[in-house]
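# Coordinate inspection notes
Residue-level listing of the chains:
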Number of protein chains: 10
Amino acid sequence: MAQPRLASLDSSMVDRLPAYSQPLFVAKSKKGLTFEAIGQHIGRAEVAVAAMFYGQAQASPEDVEKLSEILEVPKENFEAMMGFPDRGRAGPMPPVEPLIYRLYEIVQNYGYSFKAVMNEKFGDGIMSAICFNSKVEKEVDQAGTEWVVITLKGKWLPFSRF
Amino acid sequence: MAQPRLASLDSSMVDRLPAYSQPLFVAKSKKGLTFEAIGQHIGRAEVAVAAMFYGQAQASPEDVEKLSEILEVPKENFEAMMGFPDRGRAGPMPPVEPLIYRLYEIVQNYGYSFKAVMNEKFGDGIMSAICFNSKVEKEVDQAGTEWVVITLKGKWLPFSRF
Amino acid sequence: MAQPRLASLDSSMVDRLPAYSQPLFVAKSKKGLTFEAIGQHIGRAEVAVAAMFYGQAQASPEDVEKLSEILEVPKENFEAMMGFPDRGRAGPMPPVEPLIYRLYEIVQNYGYSFKAVMNEKFGDGIMSAICFNSKVEKEVDQAGTEWVVITLKGKWLPFSRF
Amino acid sequence: MAQPRLASLDSSMVDRLPAYSQPLFVAKSKKGLTFEAIGQHIGRAEVAVAAMFYGQAQASPEDVEKLSEILEVPKENFEAMMGFPDRGRAGPMPPVEPLIYRLYEIVQNYGYSFKAVMNEKFGDGIMSAICFNSKVEKEVDQAGTEWVVITLKGKWLPFSRF
Amino acid sequence: MAQPRLASLDSSMVDRLPAYSQPLFVAKSKKGLTFEAIGQHIGRAEVAVAAMFYGQAQASPEDVEKLSEILEVPKENFEAMMGFPDRGRAGPMPPVEPLIYRLYEIVQNYGYSFKAVMNEKFGDGIMSAICFNSKVEKEVDQAGTEWVVITLKGKWLPFSRF
Amino acid sequence: MAQPRLASLDSSMVDRLPAYSQPLFVAKSKKGLTFEAIGQHIGRAEVAVAAMFYGQAQASPEDVEKLSEILEVPKENFEAMMGFPDRGRAGPMPPVEPLIYRLYEIVQNYGYSFKAVMNEKFGDGIMSAICFNSKVEKEVDQAGTEWVVITLKGKWLPFSRF
Amino acid sequence: MAQPRLASLDSSMVDRLPAYSQPLFVAKSKKGLTFEAIGQHIGRAEVAVAAMFYGQAQASPEDVEKLSEILEVPKENFEAMMGFPDRGRAGPMPPVEPLIYRLYEIVQNYGYSFKAVMNEKFGDGIMSAICFNSKVEKEVDQAGTEWVVITLKGKWLPFSRF
Amino acid sequence: MAQPRLASLDSSMVDRLPAYSQPLFVAKSKKGLTFEAIGQHIGRAEVAVAAMFYGQAQASPEDVEKLSEILEVPKENFEAMMGFPDRGRAGPMPPVEPLIYRLYEIVQNYGYSFKAVMNEKFGDGIMSAICFNSKVEKEVDQAGTEWVVITLKGKWLPFSRF
Amino acid sequence: MAQPRLASLDSSMVDRLPAYSQPLFVAKSKKGLTFEAIGQHIGRAEVAVAAMFYGQAQASPEDVEKLSEILEVPKENFEAMMGFPDRGRAGPMPPVEPLIYRLYEIVQNYGYSFKAVMNEKFGDGIMSAICFNSKVEKEVDQAGTEWVVITLKGKWLPFSRF
Amino acid sequence: MAQPRLASLDSSMVDRLPAYSQPLFVAKSKKGLTFEAIGQHIGRAEVAVAAMFYGQAQASPEDVEKLSEILEVPKENFEAMMGFPDRGRAGPMPPVEPLIYRLYEIVQNYGYSFKAVMNEKFGDGIMSAICFNSKVEKEVDQAGTEWVVITLKGKWLPFSRF
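Reading the values: rules and limits
- Residues numbered from 1 in each chain as written.
- Chains lettered and ligands numbered in written order.
- Predicted model: local features only at pLDDT ≥ 70, side-chain atom pairs only at ≥ 80, totals over all residues.
- Heavy atoms only, no water.
- UniProt positions renumbered as here; feature names shortened; annotations may be inferred.
- Helix = DSSP H or I, 4+ residues; strand = E, 2+ residues; numbered from the N terminus.
- Buried < 20%, exposed > 50% of the residue type's maximum accessible area, 1.4 Å probe, protein only.
- Contact = heavy atoms within 4.5 Å.
- Buried area = accessible area lost by both parts, 1.4 Å probe.
- Salt bridge = Lys/Arg side-chain N within 4 Å of Asp/Glu carboxyl O.
- Least-squares fit on C-alpha atoms with pLDDT ≥ 70 in both.
- Pairing = 2+ DSSP bridges.
- Axes fitted to C-alpha atoms, helices over the stretch in contact; angles between N-to-C directions.
- Parallel < 35°, antiparallel > 145°, perpendicular 65-115°, else oblique.
- Nonpolar A, V, L, I, M, F, W, Y, C, P; charged D, E, K, R; others polar.
- pLDDT = per-residue confidence, 0-100.

Right, let's talk about the UniProt feature "active site" (unreviewed entry) in chain A for a bit. As annotated in UniProt, the feature "active site" (unreviewed entry) corresponds to Arg102(A), Glu105(A) and Ser128(A) in the numbering used here. Examined against the element boundaries, Arg102(A) turns out to sit in helix α5 (residues 98–122). For Arg102(A), a relative accessible area of 1% puts it in the buried group. Other than its neighbours up to four places away in sequence, Arg102(A) contacts Ile126(B), Met127(B), Ala129(B), Ile130(C), Arg102(D) and Glu105(D). The residue Ser128(A) is located in strand β1 (residues 125–140) in this model.

Shown next as structure tokens:
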């Protein structure tokens, strides 16, 4: 397909998200931009850009400036993006969306395995979900099969001894 | 620390797991083996080995043979590991364990972002949690800070058109 | 009854569904078309057509073109149907609708039986709900009794060994 | 694999099931019998046999006789199988087992589509989950891909007009 | 009391019900009609008439005609009543309304007793809630005490043997 | 079938019920008695007898005497039946047993209809579930179809005006 | 404080309550009336008056007349108050409001104690919450400490023997 | 009935309660004592005594001494009663026991009314459930009807201004 | 950053909060004031001021006067702030916001430890959340690391002996 | 009171905790030691010691040595304390214990206030519950009133920009 596939916003989700989400998605669709393209323009990771659109990540003044530029929407419309996000309300948990459920299922099935392996490698602590970044890549194997590779990278935080 | 840190099994979890889990963990502790060491011996990934111990992954006859060898426990004790696992019951959801909750929180906060990015990169579908593998690595940056890097790799499954 | 029985959209469900659902149902009722008739016109299965109306399946550009044609509604109205569906929110789970509850009850009562039989026939894995299709047929037996026959067909996905 | 793959009972499930379930599964494993083989011997469908093992279906005196025969266990051990089952408690809902979750997800995603199509084909009513049978078949397509085909067949029950 | 007591619709319930519910209740109040009176006019049971008002039962074309007549509202307003009801959403479960909670409590306390008695009288099966009717009667005993008598009558459906 | 069909107690239910439940059911099975037969012997309704067995109704000293007589078990074994029942814990709510779920579904679908009809017939109040009795009858229509008729009879309690 | 403290209606609660609640509270505030004052005027208990304002108790025609009088609002505005209340939806359960939670906690902590004491004093039955009244009083002890005294008075209903 | 009615402990509740509960109830039954009688002996309120039996209230050394005396059980058996209770786990919430549910329903229906009345009488605060006492009394009116009168008395705690 | 960081109100939260919340936040942002600055102006703690903005704490007439002054909004707009707050509905529990979840997790992990330590230090009782105040401070250690120090101070309330 | 008040372990909690919890509490009671005294001996904070007893914090080899010493129990009994804790399962959430509920209520009522204040003081991030410590102190004011002062101190973690 010559033209890019674009994520858009289901109208029934709008109420759960900050007021700037819908106009951002509308502008993105109008300009025909992927999150990857926007990320390259503003110098942030693709997942982080999507997270800003869903109200899950804070935008800096520069982000807003550049988003305004690339989306051709006055930056005044997106100033609330520089506020402190109220995270965690984009969708229900457990997820009902099949794609998101699969990620939830990985936590359900492998959660204790991840814990055991991290404990052995790092000691008693957690992988931070705050001091954290993530990317999604596509790999195509020799048989032409497409694979999704998600990388979750978080700082190791040992439990304080007190 | 000279001796390896070893994951063990909290006694209050035993009832939720298959009968072979506890003796496996006991034998592992007795032999002082990490999941990494066991994985190298039996030729499987560290996360997969942990998953077998928690009853979340099937063992092949060869796995049982080699586990028996390295743990010095007769393989008869672990034959149920070759059965079909009844997955998903290792712990409660939402997770109450802080380490596992952080993974759940990543799904909660970034779930729709992952979906949007995957949809743009792959189309309408999901990342399989079945035709799937995973690894956990440690990275240490220049400042000496430890980072956890989890890789989730799953086959892309497009929704059938029917 | 000479004229066809037509599914319509309960007004109190509208908020849970994408914005295009209601006008699609209205147009369908106005034209007096069943999902079967629409499916034949656009070359897709009856269940898949209903799924598109409820925002549970993606429409291709050709689908939108043909829906526009048969429903006599400009295709601009349904362009959001080509977006990536946000599935799983059509109704509550457990279902409160008696017809849908019966399907849920089948999963509740026979779930482990299906698992056991599939494990014996295929090994350790799942039936995909993504690489999947379904149909609903009517059978009338010799006594004149009507039977519903639902066929669920999904690709077998074995758990990866890693 | 020359010897048949056999479903067995996870030890942590035993408490949720009737007392006869575990010895039935143990005897089945000892004899190396699939549900299909047992079904052929006793003249019942494979899914129904599994349902009896999980306490989800009633056995007739003849069933118990024949099960006793083929499993080589005195029929006295299984007399409780002729009681009235207390159905629905084999596993948690929503299911946590990935295979069973996929079936649940089909109900979640396609429930209203099934309802709409049945309403158009049959009128106002439900498909019975009581006057009901089911089978699971394997299909292999030309590319050698395995498909699961589940057939759910239930009597149509129109809502009474009163 | 000379004038009849009339059930009306709490304004905060309107959103959960189909769009025709509120105007039906308004018209009923305006005409001063009980469900019993309406039932007598249209030839249906009182409980069934109430169920139609709450969107829990389908109306036939004749029902709509007669409702239109007795309520003096053009039948065009109630055509959606002939659609297929999306049942089960009139109120929360467990019920918070004391009157409805008492019925729920009867199921909670006596559910297994009803099951045991029906199993002994009929075998393995269920009482249909679809092929079903119900009535509510008032009895006054010699002491002048009023009693409610609810009759639930449903077809017995034996579990299929398959 | 010449010998009566008898309700028995699923072994996995035992923990939820008082200690006397299981021996009562065992004795009942041994004597081949239905709840109807026991009720006739002790002069109580069939549903009430079942309720006593499930720990949902109190037994009088005479009941215990007569139960001891007919079941041929020393009455000392059942003295706890004269205690004050701790009702409501026989099974989960929402019910997972199909027979009991159907009763729950009737409350879900017709709850507001019952309320409306009772309000019109009796005023503002409830039907008591305490000053209450119930019976289950079988009716066979001309076509030979079996119907279950459940009668719920409770005292009308008007809300106090204060 | 010379002027009375007045309960008002949080704007975010309005949707859960009947349409007449908000104008009642507004009129009450405008007139500077407490529930006690209104209760004295109309001859009903303070708690009952508050319950009418929250849609939890039915008003008689005289109540509406007198409320109209004291609040100086035409009685037409409050006619829906004479309808049959749809109780139980004023707030979430478990309560999140600290004052209401404390009452819930009393039930949680002392529920079985109340049951035991009532059973010993009255036998097997319940305290009616329907044939019921309640009052809230202030007591000030010698140290000047204020105490709340809530009286719950309900008719004793013995379980019917049937 | 000449001999007193005595509350006892349902055997299926034992696991939720502290280890001393069951022997306390057994001794109480053996001695034929009501909570009222025990309360009079040890100088505490009847509800408080029951609360101690259910592990919801702390016993002083004197209480244990006197309980030991009146129940004729060595006080060593009840020393754990002087520990700090782990309150709130005697039964499920929402309550399934009808008697306890009625109290819960009073909170559900009248919670906001109690709040409004207390706010008007006392200001912004709560009634303490800690600095609290309660009693249950029986009143018999002229018609011979029995009424339960529960008194809840708690210290008023105003919200701190900070 | 020269200009202060300001908390604002996510538009999707507005419906859960009292009507005055949004205009308060808007005025605060327009004036560029932190909660600390407002607190200093009106003589209340920073956390208490934020609580008033979220409808979780009552304002005195003086508070409203001073808020009106510093925010330059007529005090009429905020008179509802002097009403009795309907607390507890600002966000879902368990919290989905990561910052708030961490506080919840502290209660989950250390709740029983806090209880044990308080019981040993104070006896049988609770720390009041009503007669309570709190502050949040920043500490920077020698390494320049920032630490949050939350102080929760509540009156100790011993359980009444009754 | 001359002898110290000691926290002990409710017998009904034992199953939720690691196997070492109960013997630790028993030994502590036998030796008459508070958590404060143990903390002083082993050089850890009182809350941390309690957390180790409840299986919520890891013990170092030195901790086990010193615990063994002060409790006079061979250290072999407590070696599992050096394992990686499986946190979060000590009690239900929402808490039913009144003391712990008050802490939960503080999060419920003040959660967004804490977030707003922290965001203004620190930016976009969270207070760590891992790199964290806590203490409980008693303050007695001039009137002799006892106050609990809980200090929660956690490292500030800003959200990564990626």
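Now for the interface of chain A and chain B. Across the boundary between the two partners, chain A contributes 73 residues, which contact 73 residues of chain B. For the pairing of chain A and chain B, the buried interface totals around 7,400 Å² over both sides, and the portion due to carbon and sulfur atoms is 72%. On the chain A side of the interface with chain B, the three residues burying the most area are Leu99(A), Tyr112(A) and Glu120(A), jointly 11% of the side's total. The tally of links from chain A across to chain B stands at 10 salt bridges.

Expressed as a screw transformation, the operator carrying chain A onto chain B has a rotation angle of 180° and an axial translation of 0.0 Å, and the superposed copies differ by an RMSD of 0.0 Å. What the rotation and shift describe, once combined, is the action of a two-fold rotation axis. No C-alpha of chain A approaches the rotation axis more nearly than that of Thr151(A), which lies at 2.4 Å.

Before going further, it helps to spend a moment on the sheet that holds β1(A). Taken together, 4 strands build an open sheet; the order of strands is β1(A)-β2(A)-β2(B)-β1(B) and the sheet is antiparallel. The open sheet has two edge strands, β1 of chain A together with β1 (125–140) of chain B, and neither has a second partner. Taking each pair of neighbouring strands and ignoring which way they run, the sheet shows an average axis angle of 20°. Note: β1(A) against strand β2 (residues 146–158) of chain A, 12 bridges, orientation antiparallel. Bridging across to β2(A), Glu137(A) finds its partner in Val149(A). Together, β1 and β2 of chain A together with β1 and β2 (146–158) of chain B form the strand contacts of α5(A), whose direction differs from that of β1(B) by roughly 25°.

With that settled, the discussion passes to the packing of helix α2 (residues 35–42) of chain C against helix α3 (residues 46–53) of chain C. Two measures define how a pair of helices packs: the angle their axes make with one another and the distance between the axes. Residues and elements named next belong to chain C. Contact geometry for α2 and α3: axes closest at 8 Å, N-to-C directions at 100°. By the angle between their directions, the pair α2 and α3 is classed as roughly perpendicular. Contact residues: α2 offers Phe-35, Glu-36, Ile-38, Gly-39 and Ile-42, while α3 offers Glu-46, Val-49, Ala-50, Met-52 and Phe-53. A class-by-class count of the residues in the contact of α2 with α3 yields 7 nonpolar, 1 polar and 2 charged.

A few words now on the confidence of the model for chain A. The predicted model of chain A averages 95 in pLDDT, with 98% of residues at 70 or higher. On the interface metric, ipTM, the complex scores 0.96, and its pTM is 0.97.

Across the sheet, which stays open at both edges, the 4 strands sit in the order β1(C)-β2(C)-β2(D)-β1(D) with antiparallel pairing between neighbours. If you trace the sheet from one side to the other, it starts and ends with β1 (125–140) of chain C together with β1 (125–140) of chain D, each paired once. This sheet shows a mean twist of 20° between the axes of neighbouring strands, independent of strand direction.

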